[in-house]
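If you want the building blocks of each chain, they are given just below.
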Amino acid sequence: MLLGALSAMAPLSTDMYLPALPQVSQDFHTGAAQTQLTLTFSVVGLALGQVVAGPLSDRLGRRRPLLVGMAAYTVASLLCALAPSIGTFAALRLVQGAAGAAGIVIARAVVRDLYDGTAAAKFFSTLMLVNGLAPILAPVVGGQLLRLTPWTGVFAVLAGVGVLLFLGSLLWLGETLPAGQRQTGGLTATLGTFRELLVDRSFAGYALAQALAFAALFTYISGSPFVLQDLYHLSPQAFSAVFAVNSLGIIAAGQVSGRLAGRVPLRRLLGAGLATVTAGGIALLAAVLAGLGLAAVLPALFLVVAGQGLVLPNATTLALAGRPPRVAGSASALVGLAQFALGGAAAPLAGIGGNGTALPMAVTIAAAALTAAATFALLAPRDAAARVASPN
């Protein structure tokens, strides 16, 4: 439960305030693209923070960097609620994302400390059952909070979440990387580890395919509040319900993945997930171009989101497969860096045409999905399943 909550720091930090994006835009007198940049800053923070926290956890152990990160996340969330301008708000979102990144990267590293191969794939799928609730509950909670409080109240609640995760980590998370297994050598060793991972075709192929699929997901996260509320006239509460249904798709696909792991090659499960995301992206673009309306847009978005339940656990497992625990934090950091860097770059593209069109969102999602599928086909080695170790 704790690892699932920690790995859900990204949806907690972004999805809870999604229904408030139009309100944030009005309060700061900015357009959709500028407001969506606050999502981009958060994701950039999530990316860069993992590059720092992951290697630090390889050197110092998992607990200390995690506790510092959760404390900083709490403070940054409170300051976000007090931001006087869109620029200050965006900068604080960067800090909040960087602090929350410790939970994401260290949770993945802890799983690799304890499991490998099929066992790791099953555990990552189990985590999706826990952290999959965050995309469901966060916008619903955010939508209901907007009935009682302005958007700043959302960040007060996020600060409370930071306190709970800090206390949970302090009380219940034991150290999983013994001192004798930690990385030594400082920055030089860390850069050397990064270089070895980046030139490894297997690691690079799976990490990049996952990152591109995540870019499609984050484009949906960034663009859907404006498209569904402003263009298709859904209320914040109705939008939250749609978001919850789509997130249920991630949970369901993740549980299917966990049950099939060990019986179906992980590479095949990953391929099925990428095919699902790609089919949804193409269907979405066709629906928008043909003007088919909400009835055609919603099923396409569901495929884009649900397919991630097959992509994320299996791509992560295949990328980390066989890596020794002493570099698990660094490997996890690079996976997260690629994921959130591409997601952050894609987010503002969804609003580039303003609030009156869904075409930029549809084009970006379709392009990211197709590129992810092509990367998987060209770079990910077909014999990678043989590399995945037996459960330890």
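Scroll up a little and you will see the structure.
This write-up is about the structure you can find in this document. If you're wondering where the values come from, they're calculated on a predicted model, not measured in any experiment.

### A few points about the overall build of the chain
Inference 1: Along the chain, the regular secondary structure elements total 17 helices and 0 strands.
Inference 2: Taking 2.2 N^0.38 as the reference for a compact globule, 392 residues should give roughly 21 Å; the C-alpha atoms of the chain span a radius of gyration of 20 Å, in line with that estimate.
Inference 3: With the C-alpha coordinates aligned to their principal axes, the bounding extent of the chain is approximately 55 × 45 × 35 Å.
Inference 4: Relative to its full complement of 392 residues, the chain shows a buried share of 59%.
Inference 5: A total of about 14,200 Å² of accessible surface is found on the chain, and carbon and sulfur atoms cover 70% of it.
Inference 6: Across the chain, the 20 positively charged side chains and the 10 negatively charged ones have centroids separated by 6 Å.

### A word on the environment of Gly-258
Inference 1: Its location among the elements puts Gly-258 in helix H12 (residues 236–260).
Inference 2: Counting along the chain gives 193 residues from Gly-258 to Pro-65, while the straight-line C-alpha distance between them is 29 Å.
Inference 3: Beyond its immediate chain neighbours, meaning those up to four positions away, Gly-258 contacts Lys-122 and Ser-125.

### A few points about the packing of aromatic side chains
Inference 1: This model, assessed by the stated rule, comprises 12 aromatic pairs.
Inference 2: Taken together through their ring pairs, the aromatic side chains of Tyr-17, Phe-28, Phe-89, Trp-151 and Phe-155 make up a single cluster.

### A few points about the packing of helix H13 (residues 266–290) against helix H14 (residues 294–306)
Inference 1: Two numbers describe how H13 lies on H14: the axes approach to 7 Å, and their chain directions differ by 160°. Comparing their axes, H14 and H13 come out roughly antiparallel. Crossing handedness for the pair H13 and H14: left-handed. Across from Thr-276, Val-277, Gly-280, Gly-281, Ala-283, Leu-284, Ala-287 and Val-288 in H13, the residues of H14 making contact are Ala-296, Val-297, Ala-300, Leu-301, Leu-303 and Val-304.
Inference 2: Counted by class, the contact of H13 with H14 contains 11 nonpolar, 3 polar and no charged residues.

### Overview of helix H4 (residues 32–60)
Inference 1: Over its 29 residues, H4 extends 41 Å from the first C-alpha to the last, a length consistent with the 42 Å expected when each residue adds 1.5 Å.
Inference 2: Taking the largest bend as the criterion, H4 deviates by roughly 25°, centred on Gln-50.

### Overview of the pattern of salt bridges
If charged atoms from side chains of opposite charge come close, those side chains can pair.
Inference 1: Inspection of the entire model under this criterion finds 5 salt bridges.
Inference 2: A salt bridge links Asp-116 to Arg-112, with the shortest nitrogen-to-oxygen separation between them at 3.6 Å.
Inference 3: Among the ionic pairs, Arg-323 bridges to Asp-200, the shortest N-O distance being 3.1 Å. Residue Arg-323 is located in the loop between helix H15 (308–320) and helix H16 (328–346), and its partner Asp-200 is located in the loop between helix H10 (186–198) and helix H11 (201–231); the two are separated by 123 residues in the primary sequence.
Inference 4: Assessed through its relative accessible area of 10%, Arg-323 is described here as buried.
Inference 5: Where salt bridges share partners, they join Asp-58, Arg-62 and Asp-113 into one cluster.

### Description of unusual backbone geometry
Inference 1: Of note, the phi angle at His-29 is positive, near 55°, even though the residue is not glycine.
Inference 2: The backbone of His-233 shows a phi angle near 65°, a positive value even though the residue is not glycine.
Inference 3: Topologically, His-233 is positioned in the loop between H11 and H12.

Cut-offs used in this document
- Residues numbered from 1 in each chain as written.
- Predicted model: local features only at pLDDT ≥ 70, side-chain atom pairs only at ≥ 80, totals over all residues.
- Heavy atoms only, no water.
- Helix = DSSP H or I, 4+ residues; strand = E, 2+ residues; numbered from the N terminus.
- Rg over C-alpha atoms; globule rule 2.2 N^0.38 Å.
- Buried < 20%, exposed > 50% of the residue type's maximum accessible area, 1.4 Å probe, protein only.
- Areas by Shrake-Rupley, 256 points an atom, 1.4 Å probe, with all protein chains shown as cover.
- Lys, Arg positive; Asp, Glu negative; His and termini not counted.
- Charge placed at Lys NZ, Arg CZ, Asp CG, Glu CD.
- Contact = heavy atoms within 4.5 Å.
- Phe/Tyr/Trp six-rings, centres within 6.5 Å; stacked < 30°, edge-to-face > 60°.
- Axes fitted to C-alpha atoms, helices over the stretch in contact; angles between N-to-C directions.
- Parallel < 35°, antiparallel > 145°, perpendicular 65-115°, else oblique.
- Left-handed = near helix turned anticlockwise from the far one by under 90°.
- Nonpolar A, V, L, I, M, F, W, Y, C, P; charged D, E, K, R; others polar.
- Expected span 1.5 Å × (residues − 1).
- Bend = angle between axes of the 7 residues up to and from the residue.
- Salt bridge = Lys/Arg side-chain N within 4 Å of Asp/Glu carboxyl O.

By themselves these figures say nothing about function.
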